[in-house]
Amino acid sequence: MAYTLKYFKIQTRCLQCGKEILYGRADRKFCCADCKNRYHNKRRYPVREELENAVLRKIDLNHAILERLYKMGVETIDLLTLAHLGFDARFITSYRRVGRHDIFAVFDLQYEMTPSRIKRLECLSRKEED
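Residues numbered from 1 in each chain as written. Predicted model: local features only at pLDDT ≥ 70, side-chain atom pairs only at ≥ 80, totals over all residues. Heavy atoms only, no water.

Undergrad: Even after reading the chapter, I still don't get the overall build of the protein chain, so can you show me in this structure?
TA: Across its full length, the protein chain holds four helices and seven strands. Put simply, the protein chain runs from its N terminus to its C terminus through helices and strands in the order β-β-α-α-β-α-β-β-β-β-α. Sorting the 130 residues of the protein chain into buried and exposed places 25% on the buried side. Within the protein chain, contacts between residues separated by at least 24 positions form 35% of all contacts whose residues are at least 6 apart in sequence. (Helix = DSSP H or I, 4+ residues; strand = E, 2+ residues; numbered from the N terminus. Buried < 20%, exposed > 50% of the residue type's maximum accessible area, 1.4 Å probe, protein only. Contact = heavy atoms within 4.5 Å.)

Below, the structure written as structure tokens:
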């Protein structure tokens with residue numbers, strides 16, 4: 001049977017998120033099972049979270065670069081020029097092959113890539129609205 005800790009004047013905080021734990025055993029360390037799992041996974045795999053964040057930052061940067069180009073009306077651009085802008089072609093969210101064409105996407109922005117350039121840059125979400 002759960003009882004409230006505040007009646008006993010004991011205030012404990014979750015080791016993962018820092019929220020105050022208001023119920024449960026007096027020696028409870030986590031506010032929920034998710035926090036408990038995150039805490040132990042972080043201790044077991046400390047590099048994983050940093051790696052995931054680094055990959056997401058690269059994908060976000062690629063999306064921001066492509067979105068800026070799309071808004072400027074650019075449909076084709078050299079990979080070398082893109083690299084100078086900070087674009088890294090290794091970080092995408094989807095890939096498919098249609099006939100002889102390699103189609104890549106970074107979230108809602110899709111493009112065809114050749115060995116030296118990208119072409120047919122288009123926004124899928126705006127295409128559906130039209």
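Undergrad: Which parts of the structure should I look at to understand helix α2 (residues 46-71)?
TA: For an α-helix the count is 3.6 residues per turn, leaving residues at separations of three or four pointing the same way. When the terminal C-alpha atoms of α2 are compared, their 39 Å separation across 26 residues agrees well with the 38 Å that a helix rising 1.5 Å per residue should span. Of the positions making up α2, those classed as buried are Ile 59, Asn 62, His 63, Ile 65, Leu 66 and Leu 69. Buried-residue contacts for α2 involve β3 (77-78), α3 (79-85), β5 (101-106), β6 (109-113) and β7 (117-123). Trailing α2 by a residue or two, Gly 73 shows a phi angle of about 90 degrees, which is positive. (Expected span 1.5 Å × (residues − 1).)

Undergrad: So what exactly am I meant to see when it comes to the pairing of β5 here?
TA: Regular strands place side chains that alternate from one sheet face to the opposite one. Bridge count between strand β4 (residues 94-98) and β5: five bridges; the pairing is antiparallel. By the bridge assignment for β5, Arg 97 is matched with Asp 102. Taking the residues that link successive antiparallel strands as the turn, the β4-β5 hairpin has two residues, and the phi of Gly 99 there is positive, at about 65 degrees. Judged from the four bridges that link them, β5 and β6 form a sheet pairing that is antiparallel. Across the sheet, Ile 103 pairs through a bridge with Glu 112, a residue of β6. Count of turn residues in the β5/β6 antiparallel hairpin: two residues, of which Phe 107 carries a positive phi of about 55 degrees. (Pairing = 2+ DSSP bridges.)

Undergrad: Any chance you could explain the pattern of salt bridges here in plain terms?
TA: Pairing is possible between side chains that carry opposite charge, provided their charged atoms lie close to one another. Per the counting criterion, the structure on display carries six salt bridges. Residues Arg 97 and Asp 102 are paired through a salt bridge, measuring 2.4 Å at the closest nitrogen-oxygen approach. Two residues, Glu 112 and Arg 120, come together in a salt bridge whose shortest N-O distance is 2.3 Å. Several salt bridges share partner residues, and in doing so they unite Glu 112, Lys 119 and Arg 120 into one network. (Salt bridge = Lys/Arg side-chain N within 4 Å of Asp/Glu carboxyl O.)

Undergrad: What should I look at first to understand the nonpolar core in this one?
TA: The nonpolar side chains of a soluble globular protein tend to be buried, and buried together. By size, the foremost hydrophobic cluster in this structure holds 17 residues, and its most contacted members are Leu 66, Leu 82, Tyr 111 and Ile 118. Contributions of two or more residues to this core are made by α2, α3, β5, β6 and β7. Examining the composition of this core, we find that four residues originate from one element, α2, more than from any other. Not counting residues within four places of it along the chain, the set of residues in contact with Ile 118 comprises Leu 66, Glu 75, Thr 76, Ile 77, Leu 79, Leu 82, Tyr 111, Glu 112 and Met 113. Counting residues in each nonpolar core, the second largest holds five residues, with Cys 14, Phe 30, Cys 31 and Cys 35 among its members. (Core = buried A, V, L, I, M, F, W, Y, C linked by side-chain atoms within 4.5 Å.)

None of this, on its own, says anything about what the molecule does.
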